[in-house]
Amino acid sequence: MSSPLFDWFVPCPRGLEAPLAAELAEIGELHVAGAPLSGGGSLVVGAQVPGGVHFRGGWVAGMAANLHSRIASRVLLKIAQGPYRNENDIYELTHRQRWEQWFAPSQTMRVDLTAIKSPVKSLEFTTLRVKDAVCDRLRDVAGSRPSIDTAQPDVRVFAFLTVNECTLYLDTSGEPLFKRGWRLDKGAAPLRENLAAGILRLTGWTPGTPLFDPMCGSGTFLAEAAQTALGIAPGSERRFGFEKLKPFHPGMWQKLKTAATEQRRAARASQSDINIFGSDISGDMLEKARANLHRAGVPNLSLKQVDARNMVPPTDAPGILLANPPYGERIEVRGRGPRGEVRDTPRSRREDDDAFARAQPDPADTEFFVSFGNALKQRFPGWRAYVLTSDRKLPGMLRLRESTKTPLFNGALECRLFRFDLIAGSVRNRPAEE
Ligand SMILES: C[S@@+](CC[C@H](N)C(=O)[O-])C[C@H]1O[C@@H](n2cnc3c(N)ncnc32)[C@H](O)[C@@H]1O
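Just so we're clear, the structure is a prediction, and the values are computed from it rather than from any experiment.

Caption draft 1: The arrangement of the packing of aromatic side chains in detail. Counting across every chain of the model gives 15 aromatic pairs. Relative to F380, the ring of F212 lies with its centre 6.1 Å away and its plane at 10°, an arrangement referred to as stacked. A residue pair is termed long-range when its members are at least 10 positions apart, and F212 in strand 8 (residues 211-213) and F380 in the loop between helix 11 (363-379) and strand 12 (384-389) qualify at 168 residues. The class of F380 is buried, set by a relative accessible area of 0%. Consider the rings of F368 and F369, whose centres lie 5.0 Å apart with planes at 75°: the pair is edge-to-face. As far as the burial class goes, F368 and F369 line up, both buried. The structure contains a cluster of three or more aromatic residues connected by ring pairs, namely F6, W8, F55, W59 and W102. For R14, the ring lying beneath its charged end belongs to F409, and the centroid distance is 3.8 Å.

Structure follows, in structure tokens:
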């Protein structure tokens, strides 16, 4: 049985387009082409654009991307694309689409609109025109208009405007995909799960290699890595928007989930030592991490309460150390001397600023990072350390020279993922330049 192919767009945190494309290609190989599913079709990865990746595939490919992608923020099904000059053209394009094929007027919906260099005067008004066009179409064809629910809609329509083109998408994810369903307590500044998963992929970590997060907070890196090692699909504990769309076929979805359970069993059988370790200075954070890891299905990781300045390698064999230290703007470093003078810029303005470019190291932060750098150099020879931070002066404070730095966005906060190759006797005193 052949099924229709669609164009899909998968948004992701900026900077993670290449890892997402690689992940989608793997999902295509393992979970669509290889799965015993009729009507599955294939998943063919297309262009990477800033903030996302296109692919082409059938309905099963869309469901598989939702279930298995750790890096995607959402999976959007392309409904139409057309040129426009004004809001009326957008209304006409939207009204021409057969929304009645996808959902019923008895369902609730919301519309979101994103624009880059669009000439329309008001994005709010244009969003209303898209909403009206969908509602009018359903009233004309199916007899009544859907109601709007911005908080928990059954259906989400996305419109994307460039300078002269409008693309309409139906969201098949519902809640954004970084919400895996296991996080109980957010802690002070948790990373989004899909950013953590993308960073893990950027480090080149693979299951079996020792992984250590010495400032693990709520345990996001640990949970993503351990679920990967144990073959647990990131979406196995949540619901998806596609379940409310008309083409949803529960039998087909069940087959996909059963195949995922089989993969999990196979991964568990082949996994002898999980080799994933975390520590944090805060006992409260470790409690939160434990609860999260339990809910994520990976309850038995080693978590210790340790000041990162006193950390020691958790294994004899070197591995990957991955840390997301406190950012000056977001959370305080603990276990250090008294904080220096408070900066005079009000917090709200600081948050709007380019934090990466402007961050000024606090003397107490510097002291902490110098000690942390010493611990890396003296106790972790042979390890590769990755540090995600919004502070461009971090390599200088660690007294280490980075071998790579990758720009990434943690929400609106511009960060770098610095890589340090810790070679025995490689203490370098020259701060890195940027
Ligand atoms: C930005 S948060 C990490 C968030 C984590 N990646 C997550 O997703 O939840 C920084 C963490 O560093 C911890 N921390 C602060 N000072 C520390 C120190 N001296 N040693 C170890 N951990 C420390 C904090 O308790 C906090 O959990």
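Caption draft 2: Structural context of the sheet that holds strand 5 (residues 109-115). With respect to topology, 7 strands assemble into an open sheet ordered 2-3-1-4-7-6-5, the strand pairing being mixed. One side of each edge strand has no neighbouring strand; the edge strands of this open sheet are strand 2 (43-49) and strand 5. Neighbour-to-neighbour, the strand axes of this sheet turn through a mean angle of 30°, independent of strand direction. The sheet contact formed by strand 5 and strand 6 (residues 155-161) spans 7 bridges and is parallel. Opposite M109, over in strand 6, you have V155 as the bridge partner. Helix-sheet contacts for helix 2 (residues 59-68) involve strand 1 (6-11), strand 2, strand 3 (52-57) and strand 4 (76-83), and the interaxial angle to strand 3 is about 145°. Helix 4 (residues 123-142) rests against strand 5, strand 6 and strand 7 (165-171) of the sheet, and its axis sits at about 140° to strand 5.

Caption draft 3: Seen up close, the layout of surface pockets. Its volume calculated, the largest pocket comes out at about 960 Å³. What lines the largest pocket is a set of 32 residues, and nearest its centre among them are F9, P11, C12, P50 and G51. Only strand 1, strand 4, strand 5, strand 6, strand 7, helix 5 (193-203) and strand 13 (404-410) provide two or more residues apiece to the lining of the largest pocket. A class-by-class count of the residues in the lining of the largest pocket yields 16 nonpolar, 10 polar and 6 charged. Here the lining of the largest pocket spans two domains, since at least three of its residues come from each of domain 1 (6-171) and domain 2 (193-229 + 274-421).

What counts, and where the lines are drawn
Numbering of residues begins from 1 in every chain and follows the order in which that chain's sequence is written. A pLDDT threshold of at least 70 governs which residues receive local features in this predicted model, and a stricter bar of 80 or more applies before side-chain atom pairs are shown or counted, although totals over entire chains, interfaces and linings include all residues. Remark: hydrogens and water are excluded; side-chain values derive from all non-hydrogen atoms of the structure. Centre distance within 6.5 Å is the pairing criterion for rings of Phe, Tyr and Trp, where only the six-membered ring of Trp is used; planes under 30 degrees apart are then read as stacked, over 60 as edge-to-face, and the remainder as tilted. Counting from the N terminus, the helices are the DSSP runs of H or I reaching at least four residues and the strands are the DSSP runs of E reaching at least two. Exposure classes here rest on a 1.4 Å probe applied to the protein chains alone. A residue is buried below 20% of its type maximum, exposed above 50%, and partly exposed in between. Here, a charge over a ring means that NZ of Lys or CZ of Arg falls within 6 Å of the ring centre while also lying within 35 degrees of the ring normal. Strands are labelled as partners when DSSP assigns at least two bridges between them. All axes here are fitted lines through C-alpha atoms, helices being fitted over the stretch that makes contact, and every angle between N-to-C directions spans 0 to 180 degrees. Residue contacts are counted whenever heavy atoms from the two residues lie within 4.5 Å of one another. A cavity here means a set of points on a 1 Å grid, drawn over the protein atoms and nothing else, where a 1.4 Å probe fits but cannot get out; a pocket is an open set with protein on both sides within 12 Å along at least five of seven lines, and a residue lines either one if it has an atom within 4 Å of a point. Grid points are joined across faces, edges and corners, and a volume is the space filled by probe spheres set on the points. Ten residues, namely Ala, Val, Leu, Ile, Met, Phe, Trp, Tyr, Cys and Pro, are considered nonpolar, four, namely Asp, Glu, Lys and Arg, are considered charged, and the remaining ones, Gly among them, are considered polar. The domain limits used here are those given by an automatic or database domain assignment.

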